[in-house]
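Summary of the model geometry
One letter stands for each residue in the lines below.
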Amino acid sequence: MKVPLLDLGYTLDNGQVFRWSRDGDWWRGVVGSRSIRLLQEGDRLRVEGDVSTAFLRRYLRLDDDLEAIYEDISRDQCIAAIIERFRGMRLIRQEVWECSASYLLASYSNVSRIKKMIEALCRTYGRRLPDGQYAFPTPEEIAEGTGDIGICRLGYRADWIRCYARAVRDGDFDLEHLQGLEYEQAVSYLKRVKGIGDKVADCIALFSLDHLQAYPVDVRIARAMREVYGVSGSYRKVSGHARRHFGRYAGYAQEYLYIAEDRENRKGLEPTPSCRSPSR
DNA sequence: AACCAGGTCTCGA
DNA sequence: TCGAGACCTGGT
């Protein structure tokens, strides 16, 4: 399929999704219960697996006008340089249950471990797919599964995920209702779930509810906000400042800042533009 | 071997 | 509303 401005590598390898990995020149991943392989060749995407182009257009947010978003969020030299450096990185539109359950597990951990926890969860409770991969488990499968959650090594997150799965299964937490809410209401509703706080709620809002103004602040973003923009303090304060600074697509700016920090930390590879000084 | 991690919970001011 | 401490576990 033909695609607009896109860098598949930056898009799949920036910590927003946890079930994709490199496989030679290809990318291999499981989305829900679909096993997919993707290869980008310029403006074309080669696709293997049980997916339609319509599904991929939606999943990869190919409907976002990246150039327009770049223009909107390029409100300072630092973010402009980072955008230039990582051109083509897109947010991904994840399904709500998988996204929320995944980020519920993501707290106070690191991407490598998060990936392992999720794979273990899928292997323990998810359906086995024809190619040997495992689907992301449904709330019912987690709530009613007979597998031993202990082998997933989730730590204290095990209780959170089981409690959340039960609530969704029983209708005590309504994902349909969630998807109809505005940003602030969605965040408040999400935070009723034990294990979902400010940051995870923002991730879910941004990655699965189309609330592009959401601005998740983790330790890295907090560091960037402090060092680059001179802002620190409570989550509310930092996130709110960023949302005012970057505007309605603040979430995109957040993800560009995040990938820049990430590549910075994987030292040795690809130098990134540095703008460590509140020039002003 | 320490330190850190896509944070949240609880509690006290 | 905010800040301080504790926290499963595994990466680096």
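Residues numbered from 1 in each chain as written. Chains lettered and ligands numbered in written order. Predicted model: local features only at pLDDT ≥ 70, side-chain atom pairs only at ≥ 80, totals over all residues. Heavy atoms only, no water.

Structural notes on the layout of surface pockets
Where empty space is left in the structure can be found by rolling a water-sized probe over the atoms. Taken as a whole, the largest pocket encloses approximately 700 Å³ of empty space. Taken together, 32 residues form the lining of the largest pocket, with Ala 106, Ser 109, Lys 199, Asp 218 and Tyr 258 sitting closest to its centre. Where the lining of the largest pocket is concerned, the elements lending two or more residues are helix 6 (111-125), helix 11 (198-208), helix 12 (219-229) and helix 14 (250-265). Residue contributions to the lining of the largest pocket peak at five residues, all from helix 11. (1 Å grid on protein atoms, 1.4 Å probe; cavity = no way out; pocket = protein on both sides within 12 Å on 5 of 7 lines; lining within 4 Å. Points joined across faces, edges and corners; volume = space filled by probe spheres on them. Helix = DSSP H or I, 4+ residues; strand = E, 2+ residues; numbered from the N terminus.)

Description of the sheet that holds strand 2 (residues 26-31)
Reading across the sheet, the four strands line up as 1-2-3-4 and stay open at both edges, with antiparallel pairing between neighbours. At either margin of the open sheet sits one strand with a lone partner, and together these are strand 1 (20-23) and strand 4 (44-49). Adjacent strand axes in the sheet meet at a mean angle of 25° when their direction is disregarded. (Pairing = 2+ DSSP bridges. Axes fitted to C-alpha atoms, helices over the stretch in contact; angles between N-to-C directions.)

Quick look at the pattern of salt bridges
Evaluation of the coordinates by the stated rule reveals 20 salt bridges. Residues joined by salt bridges that share partners form a network here, namely Arg 61, Asp 63, Asp 64, Arg 93 and Asp 210. (Salt bridge = Lys/Arg side-chain N within 4 Å of Asp/Glu carboxyl O.)

Observations concerning the protein's contact with DNA strand C
For DNA strand C, the full set of nearby residues is Tyr 108, Asn 110, Ser 112, Arg 113, Lys 116, Arg 153, Leu 154, Gly 155, Tyr 156, Arg 157, Ser 234 and Arg 236. The sugar and phosphate moieties of DNA strand C supply 62% of its atoms located within 4 Å of the protein. Interatomic distance of 3.1 Å between a side-chain N/O atom of Arg 153 and a phosphate oxygen of DNA strand C. Within the side chain of Ser 234, one N or O atom sits 3.4 Å away from a phosphate oxygen of DNA strand C. With three residues, the single largest contributor to the surface near DNA strand C is helix 6. Residue classes in the surface near DNA strand C are distributed as three nonpolar, four polar and five charged. (Near = heavy atom within 4 Å. Polar contact = N/O pair within 3.5 Å; in protein donor to acceptor, adjacent residues only side chain to side chain. Nonpolar A, V, L, I, M, F, W, Y, C, P; charged D, E, K, R; others polar.)

Some remarks on helix 4 (residues 77-85)
When we look at burial in helix 4, the residues that qualify are Cys 78, Ile 79, Ile 82 and Ile 83. Angularly, the buried residues of helix 4 cover 130° about the axis, an arc narrow enough to put them on a single face. Away from its buried face by more than 90 degrees, helix 4 exposes Gln 77 and Glu 84. Elements in contact with the buried residues of helix 4: helix 3 (66-73), helix 12, helix 13 (235-246) and helix 14. (Buried < 20%, exposed > 50% of the residue type's maximum accessible area, 1.4 Å probe, protein only. Arc of directions from axis to C-beta. Contact = heavy atoms within 4.5 Å.)

Quick look at the protein's contact with DNA strand B
If you check the shell around DNA strand B, you find 29 residues, and the closest are Gly 15, Ser 109, Gly 195, Gly 197 and Gln 254. A distance of 2.9 Å separates a phosphate oxygen of DNA strand B from a polar backbone atom of Val 200. Between DNA strand B and the protein, one listed contact pairs a base nitrogen with a side-chain N or O atom of Asp 218 at 3.2 Å. When residues of the surface near DNA strand B are traced back to their parent elements, those giving at least two are helix 11, helix 12 and helix 14.

Description of the pairing of strand 3 (residues 34-41)
Sheet analysis places strand 2 next to strand 3, joined by five bridges and oriented antiparallel. By the bridge assignment for strand 3, Trp 27 is matched with Leu 38. Counting the residues that bridge the hairpin from strand 2 to strand 3 gives two residues, and of these Gly 32 lies at a positive phi of roughly 65°. Bridge count between strand 3 and strand 4: six bridges; the pairing is antiparallel. Bridge pairing in strand 4 links Ile 36 to Gly 49. What sits between strand 3 and strand 4 in their antiparallel hairpin is a turn of two residues, with Gly 42 showing a positive phi close to 65°.

A look at the state of the cysteines
The full count for this structure, using the stated rule, is zero disulfides. Note on Cys 99: no disulfide assigned, nearest cysteine sulfur contributed by Cys 203 at a separation of 7.4 Å. Owing to a relative accessible area of 0%, Cys 99 belongs among the buried residues under this scheme. For Cys 152, which is in no disulfide, the shortest distance to another cysteine sulfur is to Cys 122 and amounts to 9.0 Å. (Disulfide = S-S within 2.5 Å.)

Considerations on the side chain of Arg 19
Here Arg 19 lies in the loop between helix 1 (8-12) and strand 1. Residue class for Arg 19 comes out buried when judged on its relative accessible area of 9%. In terms of polar contacts, Arg 19 uses its side chain to reach the backbone carbonyl oxygen of Tyr 134, at 2.7 Å. Apart from the residues within four sequence positions on either side, Arg 19 is in contact with Arg 28, Gly 29, Val 30, Gly 32, Glu 98, Ile 118, Glu 119, Cys 122, Tyr 134, Ala 135 and Phe 136.

Looking at the domain arrangement of chain A
By the assigned domains, chain A splits into domain 1 (1-63), domain 2 (64-90 + 210-280) and domain 3 (96-208). Taken over C-alpha atoms, the centre of domain 2 sits 26 Å from the centre of domain 3. The interface is formed by 16 residues belonging to domain 2 together with 13 residues belonging to domain 3. Each partner contributes to the roughly 1,000 Å² buried at the junction of domain 2 and domain 3, and carbon and sulfur atoms together form 65% of this total. When the buried surface of domain 2 facing domain 3 is broken down by residue, His 211, Pro 216 and Tyr 235 rank first, second and third, together holding 49% of it. Counting across the domain 2 and domain 3 interface gives zero salt bridges. Where domain 2 meets domain 3, there are five residue pairs in polar contact (both at pLDDT 80 or more). Examining the composition of the side of domain 2 that touches domain 3, we find that four residues originate from one element, helix 14, more than from any other. Among the residues making up the side of domain 2 that touches domain 3, the classes are represented as seven nonpolar, five polar and four charged. (Domains from an automatic or database assignment. Buried area = accessible area lost by both parts, 1.4 Å probe.)

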